[in-house]
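Chain and residue survey
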Amino acid sequence: MKYHVIVFGCQMNISDSERVSAVLESVGYKNTSNINEADLIAVVMCSVRQSAVDRVFGLIEKFSALGGLSSGWKKPITILTGCILKKDKKLFINGFDYVLDIKNIKNLTKILGTKKTESVNNYLDIKPKYTSKFSANVPIMTGCNNFCSYCVVPYSREREISRPTKNIISEIKQLVTSGYKEIWLLGQNVNSYKNGKTNFPKLLKMVNNIPGDFWIRFTSSHPKDFNNDVIEAISTGNRITPYLNLPIQSGDNKVLQLMNRHYTVKDYKNKIIGLRKRIPDIALSTDIIVGFPGETKKQFENTAKLFRNIKYDAAYINKYSPRTGTVAAKLKDNISWDEKKRREKVLTDILKQTALKKNKTLLGKETIVLINESRGNNYFGKNKHYKTVRIKSKENILGKFVKVKITEVAPFTLRGKIFHE
Ligand code: SAM
Ligand code: SF4
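As a starting point, this report considers the structure included with it. (Residues numbered from 1 in each chain as written. Chains lettered and ligands numbered in written order. Predicted model: local features only at pLDDT ≥ 70, side-chain atom pairs only at ≥ 80, totals over all residues. Heavy atoms only, no water.)

**Focus: the packing of helix 11 (residues 297-310) against helix 12 (residues 337-360)**
Their axes nearest at 9 Å, the elements helix 11 and helix 12 cross at an angle of 15°. Looking at the two axes, helix 11 sits roughly parallel to helix 12. In terms of crossing hand, the pair formed by helix 11 and helix 12 is right-handed. Here Lys-297, Phe-300, Thr-303, Ala-304, Phe-307 and Arg-308 of helix 11 come into contact with helix 12, specifically with Glu-339, Arg-342, Arg-343, Val-346, Leu-347, Ile-350, Leu-351 and Thr-354. Of the residues belonging to the contact of helix 11 with helix 12, the class tally is seven nonpolar, two polar and five charged. (Axes fitted to C-alpha atoms, helices over the stretch in contact; angles between N-to-C directions. Helix = DSSP H or I, 4+ residues; strand = E, 2+ residues; numbered from the N terminus. Parallel < 35°, antiparallel > 145°, perpendicular 65-115°, else oblique. Left-handed = near helix turned anticlockwise from the far one by under 90°. Contact = heavy atoms within 4.5 Å. Nonpolar A, V, L, I, M, F, W, Y, C, P; charged D, E, K, R; others polar.)

**Describing the site of ligand 1**
The local shell around ligand 1 holds 16 residues, among which Gln-188, Gln-249, Asp-287, Asn-318 and Ser-321 are the closest. Measuring from a nitrogen atom of ligand 1, one finds a backbone N or O atom of Gln-188 at 2.7 Å. Between ligand 1 and the protein, one listed contact pairs a nitrogen atom with a backbone N or O atom of Ser-321 at 2.8 Å. Computed on the free molecule, ligand 1 has an accessible area of 560 Å², of which 91% lies beneath the protein chains in the complex. (Near = heavy atom within 4 Å. Polar contact = N/O pair within 3.5 Å; in protein donor to acceptor, adjacent residues only side chain to side chain. Areas by Shrake-Rupley, 256 points an atom, 1.4 Å probe, with all protein chains shown as cover.)

**A word on the site of ligand 2**
The full set of residues close to ligand 2 is Cys-144, Asn-146, Phe-147, Cys-148, Tyr-150, Cys-151, Val-153, Pro-154, Gln-188, His-222 and Arg-261. For the shell around ligand 2, the residue count by class is seven nonpolar, three polar and one charged.

**Thoughts on unusual backbone geometry**
Backbone torsion omega between Thr-219 and Ser-220 reads 0°, so that peptide bond is classified as cis. On the secondary structure map, Ser-220 appears in the loop between strand 12 (215-219) and helix 8 (228-236). Positioned with a positive phi, Asn-260 is a non-glycine residue whose angle comes to about 65°. As for its position among the elements, Asn-260 is in the loop between helix 9 (253-258) and helix 10 (265-278). On the basis of relative accessibility, which here comes to 28%, the residue Asn-260 falls in the partly exposed class. Phi at Tyr-386 takes a positive value of approximately 65°, unusual for a residue other than glycine. If you trace the backbone, Tyr-386 turns up in the loop between strand 17 (378-383) and strand 18 (388-392). Residue class for Tyr-386 comes out partly exposed when judged on its relative accessible area of 24%. (Buried < 20%, exposed > 50% of the residue type's maximum accessible area, 1.4 Å probe, protein only.)

Just geometry here; none of it tells us what the structure is for.
So, in structure tokens, the structure goes:
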């Protein structure tokens, strides 16, 4: 019996799909990358933007077309899980054989008619089938208590639950022992991690104390909970990479208030000043929503000003998508799609300039790269600052740390040559 997994959305969803795979393999299914030969198709969906939800409707059509293609072809079992809104479940139940919350993914074994069930309290404690052999996603928490006015996550993933520290540490120790080079600590807001007396800065230190040759990365951080203790843990942790994604969402105080973000632009800037004082070479990225309901041109200009001022290395710029059930959905989505696209372009153009200027200072410098992709002799990887570096090599360097000298730069990619001392 073969299964095929389709994942939409963020790193947390990829991590969820690794648990779906583990449960399916525990009852005898084997993975196939060919959807046509699958006896079971599992879809791990995202509900953050309507476009992601629409892709699931597209898949339903594809599944029914697949059924009609070849004679004798047995329709596979279809399962939908991931980040699903209660109201959408009713819509999807007609398109899938089973729709189930990711938290209940272990029930798949019962659904599939096998007696075997995983004895775990929290689905995060299911031992995943890692997608990569050298970079692992390790969720430390799930859910969100923040209720940003535009966001569905508190509804689809419900309230925050932190994973027991001992389970996280034991998983990472096993990964490092088996040669993993990069550990991603994941959560919707890692800064609010709490298990007994262990908060996020303490957890970071504990992970950093695990012996081995590996890097620690984490995402996402909410600015309101990002504090000096986290800065201290990053600056003193030799394995914690100098890269931070700190989503601001808007550079305008009124919009931030309407978004229910609980910080001002000044609070955010002060955190960045403190961070750069302690870790001058830190690379920074952010998340932005353009075209939030009522966002005036002047308010948008404040975001553009913030971009010029902070000089980010990267940014995830999202066009506002109204989500039924959220507070912002009651506000009129009055910014046209074209205007949202224009605002996205303005920010991308600023970003390209600031990122390129920063990258030019790297020319001729050495950097360590963890290679994560290969296409023939071309290899791609990320350095500590999470910059993509392209390298040519005749030797297979996939999954290895390599020392590279930077020879060419663009806004979002660097080229380098393997450096031999
Ligand atoms: N927890 C993180 C934080 O607070 O920054 C972010 C997690 S959220 C799932 C990922 C990103 O999706 C957000 O940073 C936001 O920019 C974007 N996003 C969420 N809801 C959105 C919406 N309704 N329309 C457009 N983008 C949205
Ligand atoms: Fe969504 Fe806000 Fe929670 Fe991030 S912090 S997941 S944006 S509600």
